[in-house]
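Structural description and commentary
Here is how the chains run, residue by residue.
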Amino acid sequence: MKLVTQIAIAWQLAVTAAAVTQSEFVSLDSYFNNKAFGVYPGQTSFDALNQSYPDPSIIGINGTYTSTHTGVVYDFPGYRGPDLPDNVVCEGQTINVPRDQYFSASMLVTSDVQLSTVSGNVTYTYSDDSTLVSELRSLPWWAFLTINRGEIIFPYRYTHNDTNFNTSHIFEYSAALDPNKTLHSITLPVTTNTTTGRLHIFSVSLWKSTAPSAQVQFVRPTQKWTESGNQIVEVTINNPGSSCIAGPGVNLSLSMPGIRTLEPANVKRLCPGDQKRVNIGINGTANGTATVILNYTHSIQHQTYPHPLSLGLTEWTSDLSSLSQHESPEWFDDAKFGIMIHWGPYSVPGWGNSTPYESYAEWFWWYTTHRAADKSDTYDYRLRTFGPTWNYDDSFPSFTAANFSPKAWVDLISASGAKYFVLTTKHHDGFALFDTQNTTNRSSLHYGPHRDLVSELFTASSIHHPTLKRGTYFSLPEWFNPDFRPYGFAELPGNTSTSWPGIIARNPYTGLNEPYTGRIPVTDFITDVMVPQMTILAHNYSTDIMWCDCGAANGTASFASEWFNSARADNRQVAINSRCGVAEVSDFDTPEYATFSSAQLRKWEIMGLIGRLRKEVI
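These numbers come from a predicted model, not from an experiment. (Residues numbered from 1 in each chain as written. Predicted model: local features only at pLDDT ≥ 70, side-chain atom pairs only at ≥ 80, totals over all residues. Heavy atoms only, no water.)

1. Considering the packing of helix α7 (residues 525–539) against helix α8 (residues 556–569)
For clarity, the threshold we go by: Where helices are involved, their axes are fitted lines through C-alpha atoms of the stretch in contact, as for all axes, and angles between N-to-C directions lie from 0 to 180°. Strands are runs of DSSP state E lasting at least two residues, helices are runs of H or I lasting at least four, and both sets are numbered from the N terminus onward. Oblique is the label for every angle not falling under 35 degrees (roughly parallel), over 145 degrees (roughly antiparallel), or within 65 to 115 degrees (roughly perpendicular). Each crossing gets its hand from how the near helix is turned against the far one by less than a right angle, where anticlockwise is left-handed and clockwise is right-handed. What makes two residues a contact is simply this: any of their non-hydrogen atoms within 4.5 Å. For this classification, Asp, Glu, Lys and Arg are treated as charged, while Ala, Val, Leu, Ile, Met, Phe, Trp, Tyr, Cys and Pro are nonpolar and the rest, including Gly, are polar.
For the pair α7 and α8, interaxial distance at closest approach is 10 Å and the crossing angle is 15°. Between α7 and α8, the angle falls in the class roughly parallel. When the axes of α7 and α8 are compared, the crossing they make is right-handed. Taken together, the residues of α8 that come into contact with α7 (itself represented by Val531, Met534, Thr535, Ala538 and His539) are Thr556, Phe559, Glu562, Trp563 and Ser566. Looking at the contact of α7 with α8 residue by residue, the classes come out as 5 nonpolar, 4 polar and 1 charged.

As structure tokens, then:
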């Protein structure tokens, strides 16, 4: 299964010919009205706080950029000296484009307010005065807990007076156009409010409609493999023509000395304006160029793709360029629906649904000790229910799991149609539902149920529903563990911000320190608690999804590389979410209670309640 191959894949249509990129740059120089890139703190003001990106040359971008997911090439001047602007704040400008027929329009874009996703409609006008409207949407350019992953990732940003080492991002957007019409202009949305957020455009590139039928846009080798052990090469194929490909469709394969296509891709139907990504399974070792064959029922065509590609299943390392090649496996992409289960000592008070404000019940302990943020009146509920001397850890004896039936749970999950589930193996309270070995005794094996709840649930799933994938929610920080204090943080300024302080909690009524039952003092929280516990879940419990939360300080890079290699050796394809603290590691995004008005390029998992039901089993 291990291939170490360097290849450049070439396409040609009907006859051999030198290929050129189909990207048509749209000049934005005359529209630039903002400066995003600087070389030191405070040099320029990308946002309302006088912050900016660093010079793109620090990550190897000098003049142009080629998308790693679409193959689109962008004109990307980056830093243009101390005075010249370099991006467009969307103010409803109409941008004239070279008049031609295009298959798609792509942009490098971001929004400029933390925690705010900004969107607006782009209008494409054709020469016959008809229009097409598409949603332009962007996540914020940076996030404290590194929960976003852009197409372009910078290792830091400049504030008005310092360098902040949270990653900053630029995202990619693409819109399908009518390939049989001539595009005249693009009108940007109006997003000028610095409080709610503005959209910034760095580059616009149009993909030409030059082929009369199927056209390959991009060939992308992945680090995934088929059930037969062949490496997956993803091919993006367009139909910019005027008629559908239908009937038996077209088979796609690669051909070059030393390479064999063992699993061709098949496109059954592709109509004008359609785009499809398909997987080819290959085996072999080679260096050089390749021919990709389109095999129709009565004809065979070839096309050339000009860009060299690195092909082969390689060992993972902790280097970010290596980790960035990992992505969600096919089973996750096909799953569509999973169940997340929050269960722990916080299920004993079970408080959070307090109209008109509803808070997460698993945050009970934190809210009672942070009154400024306590909109659900958790403070008063705790006092009147348990009294002033009750401490959070007093919930442990009542967390018995007496009614817990692992088989009934997995039966219900399977019957719901879910393809995977994720259990909170440890939330921010630091109480684990699995065998944490010598990292802590603060677990369900030592207190409460005195059972390994994760093992029981995973075992029941493997026996009764072996096709269900099993995931482990894992909080990287612990609110009140004093060993976390060197890494403690608050997400935002002010006393209403969520925080993970790493100091012993004080009883909000008596002022006395609350116990942190089961803690084993350690030298370093990351190396002695966080990473070892993640490793336990990865190896002893064979998790399919490492579902991190609140990744700030972390040891994720070294953990992920070791886990990825180990899982591959066991022929297991695993996934990791966007909250492990390293943007390049993220396989899928995790917005909460979000909805989209348009298709998203990156894989995502939206978390939310089904109806109003929230059921806890104590």
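2. Things to note about the state of the cysteines
Inclusion rule: Any two cysteine sulfur atoms within 2.5 Å of one another count as a disulfide. Each residue is placed in one exposure class: buried if its accessible area under a 1.4 Å probe, protein chains only, is under 20% of its type's maximum, exposed if it is over 50%, and partly exposed if it falls in between.
Applying the stated criterion to the full structure yields 2 disulfides. Through a disulfide, Cys244 is tied to Cys271; the S-S separation comes to 2.0 Å. Looking along the S-S bond of the Cys244-Cys271 disulfide, the torsion reads about 110°, which is the right-handed sense. You can see Cys244 sitting in the loop between β18 (231–238) and β19 (250–255) and its partner Cys271 sitting in the loop between β21 (265–267) and β22 (275–284), a full 27 residues away along the chain. Using a relative accessible area of 37% as the deciding quantity, one classes Cys244 as partly exposed. Put simply, Cys548 and Cys580 are joined by a disulfide, and their sulfur atoms are 2.0 Å apart. Across the S-S bond of Cys548 and Cys580 the torsion is about 85°, and the bridge reads as right-handed. Taken together, the residues Cys548 in strand β33 (residues 545–549) and Cys580 in the segment after β34 (575–576) connect sequence positions 32 residues apart. In this structure, Cys548 and Cys580 share a single accessibility class: buried.

3. Some remarks on empty space enclosed by the protein
A water-sized probe rolled over the atoms picks out the places where empty space is left. For clarity, the cut-off: Here a cavity denotes a set of grid points, spaced 1 Å apart and computed over the protein atoms alone, in which a 1.4 Å probe fits but from which it cannot get out, and a pocket denotes an open set meeting protein on both sides within 12 Å along at least five of seven lines; residues with an atom within 4 Å of a point are reported as lining. Grid points are joined across faces, edges and corners, and a volume is the space filled by probe spheres set on the points. Residue ranges assigned to each domain were obtained from an automatic or database domain assignment.
Enumeration according to the criterion identifies 3 cavities of 30 Å³ or more in this entry. Size it by volume and the largest cavity reaches roughly 110 Å³. Taken together, 13 residues line the largest cavity, and the ones lying closest to its centre are Gln223, Trp225, His326, Gln573 and Val574. Those elements giving two or more residues to the lining of the largest cavity turn out to be β17 (215–225) and α8. For the lining of the largest cavity, the class distribution of residues is 6 nonpolar, 3 polar and 4 charged. Shared between two domains, the lining of the largest cavity holds at least three residues of each, these being domain 2 (215–314) and domain 3 (338–614). Each residue belonging to the lining of the second largest cavity can be placed in one class, and the counts come to 4 nonpolar, 4 polar and 4 charged.

4. Here we look at a nonpolar patch on the surface
Worth spelling out the cut-off: Here a patch means residues that are over 30% exposed by relative accessible area and free of salt bridges, tied together within 9 Å if like-charged and within 5 Å if nonpolar (Val, Leu, Ile, Met, Phe, Trp, Tyr). Reported accessibility uses the Shrake-Rupley method at a 1.4 Å probe radius. Residues are deemed covered only where the shown protein chains occlude them. Just to be clear on terms, a salt bridge is a Lys or Arg side-chain nitrogen sitting within 4 Å of an Asp or Glu carboxyl oxygen.
The grouping of Tyr360, Tyr593 and Leu609 at the surface amounts to a nonpolar patch, some 280 Å² of accessible area in total. Summarising the element assignment, Tyr593 is placed in the segment after β34.

5. Examining the side chain of Asn87
Using the following cut-off: Between N or O atoms, a polar contact is any pair within 3.5 Å; within protein, one atom must be a potential hydrogen donor and the other a potential acceptor, and residues adjacent in sequence are included only when both atoms are from side chains.
You can see Asn87 is positioned in the loop between β6 (73–76) and β7 (88–89). Owing to a relative accessible area of 0%, Asn87 belongs among the buried residues under this scheme. A distance of 2.8 Å separates polar atoms of two side chains, one belonging to Asn87 and the other to Asn34. Side chain to side chain, Asn87 and Asp86 meet in a polar contact 2.9 Å long. Apart from residues lying up to four places away in sequence, Asn87 is in contact with Phe32, Asn33, Asn34, Lys35, Ala36, Phe46, His200, Ile201 and Phe202.

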